[in-house]
Every structure is written in structure tokens, then in C-alpha cells.
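What follows is the residue order along each chain.
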There are 2 protein chains.
Amino acid sequence: MTNLQVVLREYPQGLPEPGHFELKKGERPVPADGELLSRTLYISLDPYVRGVISGKHLYADRVGLGDVIVGRTVAQVVESHHPDFKAGDLIACDNGWQEYKVSDGSGARKLAADIQPLSLHLGILGMPGLTAYAGMTFLAKPQPGETVVVSAASGPVGSMVGQIAKIHGCRAVGIAGSDAKCAFVTDSLGFDACINYKKGNLVEALKNVCPEKFNVYFDNVAGDTLDAVMSNLAIGARIVLCGMITQYNVSGTPPPGPNLARIVGARASMLGLVVYDYYDRWDEFAGTAEAWFKAGKLRFKEDVVEGLDNAADGFCRLMRGENFGKAIVKLADPE
Amino acid sequence: MTNLQVVLREYPQGLPEPGHFELKKGERPVPADGELLSRTLYISLDPYVRGVISGKHLYADRVGLGDVIVGRTVAQVVESHHPDFKAGDLIACDNGWQEYKVSDGSGARKLAADIQPLSLHLGILGMPGLTAYAGMTFLAKPQPGETVVVSAASGPVGSMVGQIAKIHGCRAVGIAGSDAKCAFVTDSLGFDACINYKKGNLVEALKNVCPEKFNVYFDNVAGDTLDAVMSNLAIGARIVLCGMITQYNVSGTPPPGPNLARIVGARASMLGLVVYDYYDRWDEFAGTAEAWFKAGKLRFKEDVVEGLDNAADGFCRLMRGENFGKAIVKLADPE
């Protein structure tokens, strides 16, 4: 009746390393009346967790030393004293980096079992997918024939942004960090082009790939990539600012941003996106995205590590940009 | 039959000085069929002219050495062979820094004589006024009870932004560069508060003046002021980027902008404004603004120099931020 957990051992300065985390054997909790116990099947590794650890997240409390690392999970209900859940139910919830958690059901969503793998509910059909969907649907509003650029294009948000762009009749251009990622983005995801930002001059590459300039840029990284894309904005361009992974491991004063004269010249809009604002649209999103998936319109790639003892290493690889696809920790299959 | 002009003598590097310009006595031009000759009464001195001189303007051709400096003017028709204009008509036009100009009438707007002083058609009832009106009406869309902040608040754009904010039932907060300007902004223009950015810490001053944070920021300057205001954005804030006077005299690589993480956190929108996009709304704007003015809802301040020989000095003072109110050169009264 144990509960294996990964807890914070030391606060990272800059990039995290596996030694900042440690495995701990806890006791399996017991659900009281109105509560449920669930067993974690998959853990999502996401860049925002770095901000939570440092106490820089907009809402979540900082992770304390010895605390379990937070994270979105797919789990199976083991025992339920909650009217809405029964043993065997598959749920998306916030178990974090541990085998078992007791919850009062808040934040838990029941999942249909006919989506495989279930880990997709942590990727293109989960919070990253909602992020892409909300940014495109409610902020960027791409029109058929427009060109949409997205950074971190092989990741779950980026891959969904480009595929939604294609569904809307747009041209999709990705930016990614290796030739293999770029090949996946064009050949498997169906983007029209993808640029390896680590090779050559990104500003020139963007102009070559897209001489007609960009109508939408969905930014997941900030930094030099944002600056480069801003050199090629079409009149009326919309830039969705979503993640700033290049800043998550920086301590001290945040780095400056791009010169904004180009926003004026292009009459562009720069729009801040926080996915939590769209949680009331989960059902709309899930219905739409699961239908696209079942119709074969959505492809994906996962970067799965097995076992809790590999969670920290997987997270550190994600922070170094070495993952390829949605970073997932697999703990168990459903029963 | 002469035509006094101010021409470019030398391209300025950084801040312009009067020695970069020189007076020249030209010949008064003669209008052909379909043309009109007008006499300049008032010249508008505007920051954008610095960009035209350097060839950095979005549309206007660079001013060549020996060329007359460009500028919006109020003029009176002296002789007309154009069906829409007759001698004596008052017009807003683009005569630039000279006494007389022949034109085919394009870009000329007839002015009602009942607005006094006529130079207002170069300020709050002219292009700066349209800039403020368009940015507020079509981009910022302020709602009653919201707080609107504007930089360069004693200038023609800034003073109009704040007064439009008050007309819309908003709280108006100005930022200006001297105690005298701030006193004018609150006491005469009716803003709720104004901060002298040269005194103390602007971030702290903004928080003190406005603990409830800002819903709209109309930026006329960029640089450190934009950065400071971004530390205090309300959720859903709109930032209108209009002018970047802190950059107009910079040569070489444009300086970096503010860190954009705050745009994400506030779900803010940053919106580029170019006034030329709204020229088709002149009649709507002029009708609205002239009615406000006649109803006593608009106050203004002008910084007038007399005579073409003082135009260069007035422009250089404007570039150094030493003007107080709309910078105008007065050449003559109407006949």
C-alpha cells in the first residue's frame, strides 16, 4: 500500500537537472466520503511546471522542498466515494508526479476510452490542444488563404496550431530545432514548410519560405525567434503570445523583448493567451478536436519515458529542448 | 513674387540642429489649369517629419538635400484654376516649410472659418486629433469606468486621447515631462492625474496614482515609459502603439523593446496604429471633434513660433521634448 512519488529536492537555478528531484516512497492515501482515489497512468511533462517550481506561475503556488511535483495526468479511479465517479473510470486530473492521489473530484474530467493512446488527453486533445484551439479560434482568427507561422512546431501546441491552420484553409509554416523535427512537421503533420532555426539565418529563411509575409504568428518561445518573425509581418498580422520557454530558466531581470516599431508599421496586434481563460470551453474543444482526430485530420508525436524514476530526466530533457514530441511519462496501463 | 522656403542643408545624425536647415528664397510658382496656388498661414511641426528626413517613414520619400521640408499646413487659396477651390478659401494641405505652393488639390481639405484659431486644424482637430480619435474609437475601445493612460499627455495627440477618455466616462491619467505640463494636463485638460516621468520612479508613481491598474495605454513614446506602464496592466488591457519618439533620432539597430511576459499575464493586446489608415474617416472625425470643441469639451495648448526663420529652431525644440503644446509655425493671418 505504498505510493511512489517524485518530490523537489533542491530549487534549480537556470536549467533543472535530475539531481534537483528525488524519488520518495509515501503511503497510499485513503479516500474519505465524497472523495476518490485514482491511480496515475500517464503524466504530462509541460514547460509551465518550471514556472510553478520557481513560484513564477500566474496562479499555482510554488512547489516547496519535499513537495510532489505538479502535473496534469491521465488516471484510473481505484476507489470512489464520489457520486460522479466509479471504480474503473478513466479521468484527466492533476495527480502530479506520483502513483496515487485522493481528490474531491474538482478539476477531474471523465474520458472516453475510445481515444487511443489515452495520453493524447495530455497532448493535442488536452491542455496543449486547448491552448492551440483557443489561440487560433478566439485570438488569431485565421482566414482561408492566410499564412500561419508557429514556433516549437513539433510540440503538442505547435503541431495542433499548424493542423488547425490547415483545417481552416491556411498555409502553415513551422519553426523547429532540428532537421528531423522539420521533416516530421512537413511530412507527417502536413505543414507546407518548416524551418530549422538552428541552421543559417532565420530572418532570411523566413523570407525565402514566405515572401508574401505572415498573417498569423503563434509564438511559443519568445526571444530571437519572435524578433525574427516580426521582420516579416503582413499588414494586419496577429501575433499570439503563448509561451516564453526561452525565459523559463532565466533568473533575475527578464530579458528585453523585440523592438515594437514593426507592430506599428504592420498595424499588427500582439495578443496574450492564457489557456485557463478557456477552461469553460473544454466540452466545445474536446468535441471538435476528438471529431477531427477520429476523422484522421490530426497527427501527433509523443516522447514517452517509462516509470516515475525517469520523470525528472524527461523533464530536464524537455527544458533543454531535446524532446521530440509531447513529453509523457507512462506509469501503467488501465485495468 | 518670391517664395521663402526652408530646405535641408545636411542630414542630421541623432538630434537635429538648426544648422541642418537653411532659408532659401525661391520663385513664387504659377498655377496651371486645374491647379491652385495657396499661401501658407500655419505650419505643423510633427515628430514624424524626423522619420521622413531620414527616409525611415513608412510611405513618404526621404527629403533630399536642398529640398523643402515637408509638413501639414493651413493655407489660403490665392489663385485657383481648380473647380473645387476659389481664391480666399481656407484649406488644410501639405505646403511644407514654405510661403507658397501650387497643388492640384489632392490632399487639400476645405476648412470652415468659424474654428479659431485656424491652427487647431493642425492639432486636436487635425491629424493628431484623428490619430487620437482613431486609436481610441477603433482600437482601444474604452469602456465607461476604465482607466486610460497616455504619454506625451500635454501634446496634441495625448491631450486629445485624455479628453476623449473623459468624454467616454473613463478615468484619464497622463504622463508628461515637467511639472508645468502636468499642471496643465490636470487643471486645464481635466485629466484625473498626471505624472512627471522625470521625477522619481515612474513604476511606483503609476502604482500610487492607479492601484487598480490600467485598462488602456495609448503610447506615444515607447522606450522606458512603455516598459513602466506595462508593469501595471489590468487583465484585458489594450496598448495602442502610435509613436516612438524615443527612437526617431536613433541611428543603427533599433533598441530592444519591453519584455512581453506581461502581455501574456494580463491577456493584453498590443495594437499598432497608423493614422493614414483612417483618412477615409476625416468627415466623421471632423464632425465629431468640431462639435465637441464648439460645446466647450476640448481644451488645447499651442507652442507657436512666428516666421519661417524660426521653423527649424521650433522643430529642434520639439525633437528635444522642450515644446509645451502643439508645435506650430505662424506665417501669416488670412486676408
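Keep in mind that this is a model prediction, so the values were computed, not measured.

To continue, consider the environment of Glu146(B). Residues and elements named next belong to chain B. One can find Glu146 in the loop between α2 (127-140) and β8 (147-151). The sequence separation of Glu146 and Leu233 amounts to 87 residues, and the corresponding C-alpha distance is 12 Å. Residues within four places of Glu146 in sequence aside, it is in contact with Cys170, Asn215 and Val216.

Now for the sheet that holds strand β12 (residues 233-241) of chain B. Across the sheet, twelve strands lie side by side as β10(A)-β9(A)-β8(A)-β11(A)-β12(A)-β13(A)-β13(B)-β12(B)-β11(B)-β8(B)-β9(B)-β10(B); this open sheet has mixed pairing. The outermost strands of the open sheet, each flanked by one partner alone, are β10 (193-196) of chain A together with β10 (193-196) of chain B. Taken over all neighbouring pairs, the strand axes of this sheet differ in orientation by 15° on average, direction set aside. As paired elements, strand β11 (residues 214-219) of chain A and strand β12 (residues 233-241) of chain A share five bridges and run parallel to each other. Of the residues in β12(A), the one forming a bridge with Phe218(A) is Val240(A). Packing of helix α3 (residues 156-167) of chain A onto the sheet brings it into contact with β8 (147-151), β9 (171-176) and β11 of chain A, and relative to β8(A) it is tilted by some 170°.

Here chain A averages 94 in pLDDT, while 97% of its residues score no lower than 70. Predicted as a complex, the structure gets a pTM of 0.90 and an ipTM equal to 0.87.

Moving on to the relation of the copies chain A and chain B. The two copies are related by a screw motion: chain A maps onto chain B through a turn of 180° and a shift of 0.0 Å along the axis, at an RMSD of 0.0 Å. These values place the two chain copies in the arrangement generated by a two-fold rotation axis. Taken together, the interface assignments show that 100% of the residues at the interface of chain A recur at the interface of chain B, consistent with an identical surface on both copies.

Attention now goes to the nonpolar core. Counting residues in hydrophobic clusters, the biggest one holds 208 residues, and the most contacted among them are Val161(A), Leu241(A), Val161(B) and Leu241(B). Setting aside residues up to four positions removed in sequence, Leu241(A) forms contacts with Asp219(A), Met270(A), Leu271(A), Gly272(A), Leu273(A), Leu260(B), Ile263(B) and Val264(B).

What follows covers unusual backbone geometry. With an omega dihedral of -5°, the bond running from Gln116(A) to Pro117(A) counts as a cis peptide bond. Summarising the element assignment, Pro117(A) is placed in the loop between β7 (109-110) and α2 (127-140). Non-glycine residue Lys141(B) carries a positive phi angle of around 45°. Residue placement: Lys141(B) occurs in the loop between α2 and β8. Here the phi dihedral of Lys213(B) falls at roughly 70°; this positive angle occurs in a residue that is not glycine.

Listed as interface residues are 26 residues of chain A and, on the opposing side, 26 residues of chain B. Grouping the amino acids of the side of chain A that touches chain B by side-chain chemistry returns 18 nonpolar, six polar and two charged. The pairing of strand β13 (residues 269-272) of chain A with strand β13 (residues 269-272) of chain B spans three bridges and is classified as antiparallel. Residue pairing for β13(B): Ser269(A) is matched across the bridge by Leu271(B).

Residues and elements named next belong to chain A. Structurally, chain A comprises domain 1 (2-117 + 302-330) and domain 2 (134-276). Taking only C-alpha atoms, the centre of domain 1 and the centre of domain 2 are 29 Å apart. At the interface, 13 residues of domain 1 touch 13 residues of domain 2.

Let us look at helix α4 (residues 179-188) of chain B. Residue and element names in this part refer to chain B. Every buried residue belonging to α4 is among Lys181, Cys182, Phe184 and Val185, and all of these are buried. Each buried residue of α4 lies within a common arc of 160° when the element is viewed along its axis, so the set occupies one face. In this structure, α4 carries Asp179, Ala180 and Asp187 as exposed residues pointing more than 90 degrees from its buried face. On its buried face, α4 sits against β9 (171-176) and β10. Where α4 terminates, the next one or two residues include Gly190, which has phi positive at roughly 85°.

Thresholds, definitions, all that
- Residues numbered from 1 in each chain as written.
- Chains lettered and ligands numbered in written order.
- Predicted model: local features only at pLDDT ≥ 70, side-chain atom pairs only at ≥ 80, totals over all residues.
- Helix = DSSP H or I, 4+ residues; strand = E, 2+ residues; numbered from the N terminus.
- Contact = placed C-beta atoms within 7 Å.
- Pairing = 2+ DSSP bridges.
- Axes fitted to C-alpha atoms, helices over the stretch in contact; angles between N-to-C directions.
- pLDDT = per-residue confidence, 0-100.
- Least-squares fit on C-alpha atoms with pLDDT ≥ 70 in both.
- Core = buried A, V, L, I, M, F, W, Y, C linked by C-beta atoms within 7 Å.
- Buried ≥ 20, exposed ≤ 12 C-beta atoms within 10 Å, placed from the backbone.
- Nonpolar A, V, L, I, M, F, W, Y, C, P; charged D, E, K, R; others polar.
- Domains from an automatic or database assignment.
- Arc of directions from axis to C-beta.

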